[in-house]
Amino acid sequence: MNLSLLLVYMLSVLMLVATPGPVVALIINTSMNAGPRQALLTAVGTNAASLLLALVAVLMLTTGLSLDPRLISWISLLGCCFIGWLALQGLREAAAAPGTEPEAASPRRRGQGLATGFLVGIGNPKDIIFFVSFFPQFIQVGRSLQHSALLLTLVWALIDFAVLGAYILVARQGFSLKYKRLVTGLSSLVLLGVALVGLVYSVLELLRPAA
């Protein structure tokens, strides 16, 4: 096993997951407005999306699967639209009058954590770029491709859950809850920023003439 390569991969995953982005903003927003259980379900959904992207990356390496760049751009575009919609919902909650029950915490939406997390994860431009372009660079970490793919995926899942779990706990602290509306607004602005940047990038990629 190439331990130095594995350590570089672990550090890369830690920085990617911990860096504020759509997944982190969604987890913080959900934890504060719908509780830690719903936030954990959302984290499971985002992690499932990451595992699917990892599977696609492995298939590209083992079977010669080739994805049309335009298809990736379309997936990113749709994901950014969904992220933007979530951002607008969060901004509306942050602007609501004090004491108003946030819509995200209503019983009608409590069962949507897995689906919401999965859709944000599968359309997250950062994760798409990582698994399609960056993930294969570490596939030689083990003695066989299968062993390497399993190890890299397991490491991703463990780090992802650990970091997102830490964000869930921090979001439930007294200081965070005291400034709940402010944190909700800021995390929603992060979501909106990622959505707008991702939309522009995806549209430009789709308009670019084919090689």
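Where an unreviewed UniProt entry is consulted, the chain appears under the name LysE family translocator, with the organism given as Pseudomonas sessilinigenes. Under the heading Subcellular location (unreviewed entry), UniProt records this for the chain: "Cell membrane".

Colleague: Please clarify how a nonpolar patch on the surface should be interpreted in this entry.
Modeller: A contiguous nonpolar surface patch, about 380 Å² in accessible area, is contributed by L40, L41, V44, L114 and F161. The element that contributes the greatest number of residues to the nonpolar patch is helix α3 (residues 36-62), accounting for three residues. Along the chain, the position of F161 falls in helix α7 (residues 145-171).

Colleague: Looking at this structure, how should I read the packing of helix α2 (residues 22-34) against helix α9 (residues 180-207)?
Modeller: The packing of two helices is summarised by the inter-axis angle and the distance between the axes. Where α2 meets α9, the closest approach of the two axes is 9 Å, and the angle between their N-to-C directions is 155 degrees. On the basis of the axis angle, α2 is roughly antiparallel to α9. Regarding α2 and α9, the two cross each other, and that crossing is left-handed. Contact with α2, carried on its side by P22, A25, L26, I28, N29, M32 and N33, involves K180, V183, T184, S187, S188, V190, L191 and V194 of α9 and no other residues of that element. Among the residues forming the contact of α2 with α9, the class breakdown is nine nonpolar, five polar and one charged.

Colleague: Explain the nonpolar core here, please?
Modeller: Taken as a class, soluble globular proteins show a tendency for nonpolar side chains to be buried jointly. Counting 27 residues, the largest nonpolar core has Y9, V13, F130, F131, F135, L152 and W156 as its most contacted members. Looking at which element gives the most residues to this core, the answer is α7, with seven residues. Here F131 is in contact with S50, L53, A54, A57, P136 and W156, once residues within four sequence places are set aside. Residues M32, A43, L164 and I168 belong to the second largest nonpolar core, which totals 19 residues.

Colleague: Explain the packing of aromatic side chains to me, please; I cannot follow it from the model alone.
Modeller: Describing an aromatic ring pair means giving the distance of the ring centres and the angle of the ring planes. Taken as a whole, this structure holds two aromatic pairs when the rule is applied. Taking 6.0 Å as the distance between ring centres and 25 degrees as the angle between the ring planes, the aromatic pair formed by F82 and W85 counts as stacked. Residue F82 and its partner W85 are both found in helix α4 (residues 69-95); the two are separated by three residues, about one turn of the helix.

Colleague: What is the right way to read the side chain of S50 from this model?
Modeller: Mapped onto the secondary structure, S50 falls in helix α3. S50 sits in the buried class, given a relative accessible area of 2%. A polar contact of 3.3 Å, which involves the side chain of S50, links it to the side chain of W156.

Colleague: Hey, could you run me through the UniProt feature "transmembrane region" (unreviewed entry) in the chain in this one?
Modeller: Look at the UniProt record and you will see "transmembrane region" (unreviewed entry) annotated at residues 6-28, 40-65, 71-88, 114-135, 147-170 and 182-204. The span residues 6-28 is 87% helical and 0% strand by assignment, and the distance between its end C-alpha atoms comes to 29 Å. Secondary structure over residues 71-88 splits into 100% helix and 0% strand, and the C-alpha atoms at its two ends are 26 Å apart.

Colleague: Looking at this structure, I do not really get the environment of T30. What am I missing?
Modeller: By the secondary structure assignment, T30 is in helix α2. Here the alpha-carbon distance between T30 and A43, two residues 13 residues apart in the chain, equals 9.9 Å. If we skip the residues at most four places from it in the chain, T30 touches G35, Q38, A39 and T42.

About the thresholds
- Residues numbered from 1 in each chain as written.
- Predicted model: local features only at pLDDT ≥ 70, side-chain atom pairs only at ≥ 80, totals over all residues.
- Heavy atoms only, no water.
- UniProt positions renumbered as here; feature names shortened; annotations may be inferred.
- Patch = residues over 30% accessible without salt bridge, like charges linked within 9 Å, V, L, I, M, F, W, Y side chains within 5 Å.
- Areas by Shrake-Rupley, 256 points an atom, 1.4 Å probe, with all protein chains shown as cover.
- Salt bridge = Lys/Arg side-chain N within 4 Å of Asp/Glu carboxyl O.
- Helix = DSSP H or I, 4+ residues; strand = E, 2+ residues; numbered from the N terminus.
- Axes fitted to C-alpha atoms, helices over the stretch in contact; angles between N-to-C directions.
- Parallel < 35°, antiparallel > 145°, perpendicular 65-115°, else oblique.
- Left-handed = near helix turned anticlockwise from the far one by under 90°.
- Contact = heavy atoms within 4.5 Å.
- Nonpolar A, V, L, I, M, F, W, Y, C, P; charged D, E, K, R; others polar.
- Core = buried A, V, L, I, M, F, W, Y, C linked by side-chain atoms within 4.5 Å.
- Buried < 20%, exposed > 50% of the residue type's maximum accessible area, 1.4 Å probe, protein only.
- Phe/Tyr/Trp six-rings, centres within 6.5 Å; stacked < 30°, edge-to-face > 60°.
- Polar contact = N/O pair within 3.5 Å; in protein donor to acceptor, adjacent residues only side chain to side chain.

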